[in-house]
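Architecture at a glance
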Amino acid sequence: YCMNDFYTSERPSGWFATHSPLYTIDFIANLIERQNALGYPPAAYWESSYRQDTAGWRNVERGFARISAYAASRDIPVLLVVFPLISREGWYAGSARERHARIAAAGEAAGFDVLDLLPVFAEHDIETVRDKPWDTFHPNELGHQVAATAITGEFGDRGYLHGGQH
């Protein structure tokens, strides 16, 4: 789970087909602005987006419920892995702990095991795991190695690798 998973992803080709050329110009301008800002959006954006009365949060709950129903019908354990924002404002900017706790609680309520990568990533300087200077979502190769090591350890600890119960 990445912090931008609360809203429906747009496919760029579909986006361009349904928006006017002026939106295309805005899209390109936004890309340039993000590059210059060296990180977007600020922590305050996430604080308001993760309120429980938002459509985005309802998307998260509906998505977790669908995954839970599918997994339960097939007796498949679910490990919810929560990736942190890679924000130039810092790992714990704004209400990061609260957002992560809310996601973990929703995952646990859906019957998921939860691995929060925020404390794992916080052991590293942000710039060493960031893919691009403006990208707050995607880790680079080292960031993926950090995540893979934590996930593999969690799989072993929970017995997933040996057919054990969670």
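Look a little higher up for the structure.
Below, the structure is looked at part by part. Residue numbers restart at each chain and count upward from 1, following the sequence in its written direction. Predicted model: local features are reported for residues with pLDDT of at least 70 only, side-chain atom pairs are reported and counted for 80 or more only, and whole-chain, interface and lining totals are derived from all residues. Excluding hydrogens and water, the side-chain figures rest on all heavy atoms present in the structure.

**A short note on empty space enclosed by the protein**
To find leftover empty space, a probe the size of one water molecule is rolled over the atoms. Cavity and pocket criteria rest on a 1 Å grid covering protein atoms alone: a 1.4 Å probe that fits but cannot get out defines a cavity, protein on both sides within 12 Å along at least 5 of 7 lines defines an open pocket, and an atom within 4 Å of a point defines a lining residue. Grid points are joined across faces, edges and corners, and a volume is the space filled by probe spheres set on the points. Under the counting rule described, the total for this entry stands at one cavity of 30 Å³ or more. Taken as a whole, the largest cavity holds about 50 Å³ of empty space. Basically, the charged four are Asp, Glu, Lys and Arg, the nonpolar ten are Ala, Val, Leu, Ile, Met, Phe, Trp, Tyr, Cys and Pro, and anything else, Gly included, counts as polar. For the lining of the largest cavity, the residue count by class is six nonpolar, two polar and one charged.

**Things to note about the side chain of threonine 54**
Every helix listed is a DSSP run of H or I at least four residues long, and every strand listed is a run of E at least two residues long, numbered separately from the N terminus. Topologically, threonine 54 is positioned in the loop between α3 (43–49) and α4 (55–73). Throughout this description, a polar contact denotes any pair of N or O atoms lying within 3.5 Å of each other; where both atoms belong to protein, one of them has to be capable of donating a hydrogen while the other can accept it, and for residues adjacent in sequence the pair is counted only when both atoms sit in side chains. At a separation of 3.2 Å, a polar atom in the side chain of threonine 54 contacts the main-chain amide nitrogen of tryptophan 57. Sequence-distant contacts of threonine 54, that is, excluding residues within four places in its chain, are made with Ser48 and Ser49. Here, two residues are considered to be in contact whenever any of their heavy atoms come within 4.5 Å of each other.

**Quick word on the packing of aromatic side chains**
Here the aromatic set is Phe, Tyr and Trp, taking the six-membered ring for Trp, and pairing holds for ring centres within 6.5 Å; pairs whose planes are under 30 degrees apart are stacked, those over 60 apart are edge-to-face, and all others are tilted. According to the stated counting rule, one finds five aromatic pairs in the structure shown. Between phenylalanine 83 and phenylalanine 121, the ring centres sit 6.2 Å apart and the planes meet at 55°, which makes this aromatic pair tilted. Taken together, the residues phenylalanine 83 in the loop between β1 (79–82) and α5 (96–109) and phenylalanine 121 in helix α6 (residues 118–121) connect sequence positions 38 residues apart. Neither phenylalanine 83 nor phenylalanine 121 differs from the other in exposure class; each is buried. Measuring from ring centre to ring centre gives 5.8 Å for tryptophan 91 and phenylalanine 121, while their planes differ by 55°; the resulting arrangement is tilted. Of the two residues, tryptophan 91 is situated in the loop between β1 and α5 and phenylalanine 121 in helix α6; the sequence distance between them amounts to 30 residues. Exposure class is identical for tryptophan 91 and phenylalanine 121. Each is buried. One cation-aromatic arrangement involves arginine 97 over tyrosine 92; the distance from NZ or CZ to the ring centre is 3.9 Å. Sitting over a ring, as applied to charges here, requires NZ of Lys or CZ of Arg to be within 6 Å of the ring centre and within 35 degrees of the ring normal. Over the ring of tryptophan 57 we find arginine 102, and its NZ or CZ is 6.0 Å from the ring centre. When a residue's accessible area, from a 1.4 Å probe over protein chains only, is under 20% of the maximum for its type it is buried; when over 50% it is exposed; and in between it is partly exposed.

**Some words on the pairing of strand β2 (residues 113–116)**
Strand pairing is defined by DSSP finding a minimum of two bridges between the two strands. Two strands pair when backbone bridges link them, and β1 and β2 are joined in this way by four bridges, in the parallel orientation. Bridging from a neighbouring strand, leucine 79 pairs with aspartate 113 of β2. Crossover handedness is defined here as right-handed if the route from the first strand over the helix to the second strand goes clockwise, with the strands pointing away from the viewer. For the handedness criterion, the β-α-β arrangement of β1, α5 and β2 is classed as right-handed.

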